[in-house]
Amino acid sequence: MKIESSSDAAAAQRYRIGYAFAPKKEQSFIQPSLLHHASQNGIDFVPISITDSLSEEEAAEALIQQGPFHCIIHKLYGHRWNHQLKQYSSKYPQTLILDPPDSIERLHNRVSMLQVVSALKLNSQFNISVSVPKQVVLQNPQSPDSIHNNTNDGAVEFPVIAKPLLANGSAKSHEMYLVFDPKGLQTLLLTNTTTSASTQPILLQQFVNHGEVVFKVYVIGEYAQCVKRSSLPDISEQQLTASEGQVLRFSQISNSPQPQEEDEHGLGLSHDPHEMPPSDFVQELARGIRLGLKLNFFNFDVIRDSGNPHSYFVIDINYFPGYAKLPSYEQVLTNFLLALLTTPTQKDHQLEPATTEEEEEEEESDHDHLGDGGGGDASLLP
Ligand SMILES: Nc1ncnc2c1ncn2[C@@H]1O[C@H](COP(=O)(O)OP(=O)(O)OP(=O)(O)O)[C@@H](O)[C@H]1O
Ligand SMILES: O=P(O)(O)O[C@H]1[C@H](OP(=O)(O)O)[C@@H](OP(=O)(O)O)[C@@H](O)[C@@H](O)[C@@H]1OP(=O)(O)O
């Protein structure tokens, strides 16, 4: 079925999209403007109610009772939620789960999240290299041997950013430390033993000077949009010397508004650090990361080396970011869902429970009215 216009769509077919988010995400994402635009186009967003007091099996049953949905979008983590989704899917295999927990899982570790970038093969026409800053993991940050062995022999060069290895959305997982030299690292990990940096596995990622600008690329399926955000300032050789032994703590710095345009000549750089990356490069990069991760909803942070405008680094990938910050996110999201739900190769999206074996046999002999079925998740990526 093709959606021709808003009114045709609303009259022809309505789609139920269940959503499950933490309260903060629900508040920012589920805006009246989104509900209105989606509804005009045949999409009804339905909140999924989550009750903590239920047993795992009761919770799974409760989700089934709230169905069926054409599609579930979610940003909840943990075994309990994954189990609910699994049970739900066995009852309603035709529901698209966006995105599958197994694919999201990879983003919860700052090493595995970036492996997709290292494996990328970008078109050489861009004359741009994309990589991940040098990084090492300290599994036992409180062990002086571990620090010594992992930071020697150029494994990373200072300054570094110490990031919790686990990226699970908690406040602790966003706690970062800019560490200027080995002395600073010792202070961070061995002197103050109460910080999460000293008690949990951490990633030491080389700090790359990047003109105080981070480019955030928001992806929704095949759609990708790049925006600019404020970041940490570059560190000069003099500052490095003057900051001996220092550690700077910060958190969610790139949530700050877009940086002010500056006169590039004043910055002493050969290029304008605020200039957006070429858009076809951004699209190609987003496509590569999307296909590698098998995810539809994410954003990633890219920085450009101040010393080499052809060299970019991906430093972070986030699942289901703050889309409401994007102009026209209502349209982009609605179009994405409609395209997915009305694609002929997708399942026919009849909202019926999974059939038993006997019913299946009967159906087979009857007719073959469904599309190729095949799991509600993996076939979404072209
Ligand atoms: N290797 C790096 N070199 C230079 N700056 C960096 C580097 N890594 C991170 N930063 C700066 O620190 C900020 C936070 O880092 P990162 O994105 O890894 O943390 P996060 O808590 O996961 O962020 P978010 O709030 O986007 O989830 C970045 O937006 C960027 O400004
Ligand atoms: O809340 P915001 O709108 O700021 O969205 C942020 C989102 O928080 P939320 O999921 O709790 O909403 C973060 O998720 P967690 O890592 O903490 O899971 C992460 O994705 C940030 O990158 C998003 O900021 P953005 O990249 O879009 O600026």
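Refer to the structure above for everything that follows.
Treat the numbers as computed from the prediction; the structure is a model and nothing was measured.

**Comments concerning the overall build of the protein**
Consideration 1: Secondary structure assignment for the protein yields 14 helices and 14 strands.
Consideration 2: A total accessible area of about 18,700 Å² is found for the protein, and carbon and sulfur atoms account for 48% of it.

**Re the site of ligand 1**
Consideration 1: Around ligand 1, the structure places 24 residues, and the nearest of them are K163, H174, Q206, S231 and D316.
Consideration 2: The contact in question runs from a nitrogen atom of ligand 1 to an N or O atom on the side chain of Q205, over 3.0 Å.
Consideration 3: N318 places a polar side-chain atom, nitrogen or oxygen, 3.0 Å from an oxygen atom of ligand 1.
Consideration 4: For ligand 1, the protein covers 98% of the area, taking 610 Å² as the surface of the free molecule.
Consideration 5: Within the shell around ligand 1, the residues separate by chemical class into ten nonpolar, nine polar and five charged.

**Description of helix α8 (residues 144–151)**
Consideration 1: Those residues of α8 that sit buried are S146, I147 and T151. Each buried residue of α8 sits inside an arc of 105 degrees when the element is viewed along its axis, so together they form one side. Counted as exposed and oriented over 90 degrees from the buried face of α8: D145 and N149.
Consideration 2: Residues of α8 that are buried sit in contact with β6 (135–138), α9 (182–191) and β9 (202–206).
Consideration 3: One or two positions beyond α8, positive phi appears at D153, with a value near 55 degrees.

**Some remarks on the site of ligand 2**
Consideration 1: Looking at ligand 2, there are 14 residues lining it, with K75, H174, Y218, R229 and K325 nearest.
Consideration 2: A distance of 2.9 Å is found between an oxygen atom of ligand 2 and a side-chain nitrogen or oxygen belonging to N299.
Consideration 3: Contacts to ligand 2 include N318, whose side-chain N or O atom sits 3.1 Å from an oxygen atom.
Consideration 4: Bound to the protein, ligand 2 loses 86% of the 550 Å² it would expose on its own.
Consideration 5: When residues of the shell around ligand 2 are traced back to their parent elements, those giving at least two are α2 (23–29) and β10 (213–220).
Consideration 6: In the shell around ligand 2, the residues fall into two nonpolar, six polar and six charged.

Here is what the cut-offs are and how they apply
- For every chain, the first residue of its written sequence is number 1, and the numbers climb from 1 along that sequence.
- Ligands are numbered from 1 and chains lettered from A, in the order in which they are written.
- The model is predicted, so local features are restricted to residues of pLDDT at least 70 and side-chain atom pairs to those at 80 or more, both for listing and for counting; the totals for chains, interfaces and linings are taken over all residues.
- Computation of side-chain values covers all heavy atoms of the structure but excludes hydrogens and water.
- Per the convention used, a helix needs a DSSP run of H or I reaching at least four residues, while a strand needs a run of E reaching at least two, with both numbered from the N terminus.
- For the area figures, the Shrake-Rupley method with a 1.4 Å probe applies, and any residue is considered shielded solely by the protein chains shown.
- A molecule or strand has a residue near it when one of that residue's heavy atoms lies within 4 Å.
- For the purposes of these results, a polar contact is taken to be a pair of N or O atoms within 3.5 Å, where, inside protein, one atom must be able to donate a hydrogen and its partner to accept one; residues adjacent in sequence count only when each atom of the pair is a side-chain atom.
- Note on residue classes: Ala, Val, Leu, Ile, Met, Phe, Trp, Tyr, Cys and Pro are nonpolar, Asp, Glu, Lys and Arg are charged, and everything else, Gly too, is polar.
- Relative accessible area decides the class of each residue, using a 1.4 Å probe on protein chains only: under 20% of the type maximum gives buried, over 50% gives exposed, and in between gives partly exposed.
- Throughout, the arc means the angular range of directions from the helix axis out to the C-beta atoms.
- Contacts are assigned to residue pairs with any non-hydrogen atoms lying within 4.5 Å of each other.

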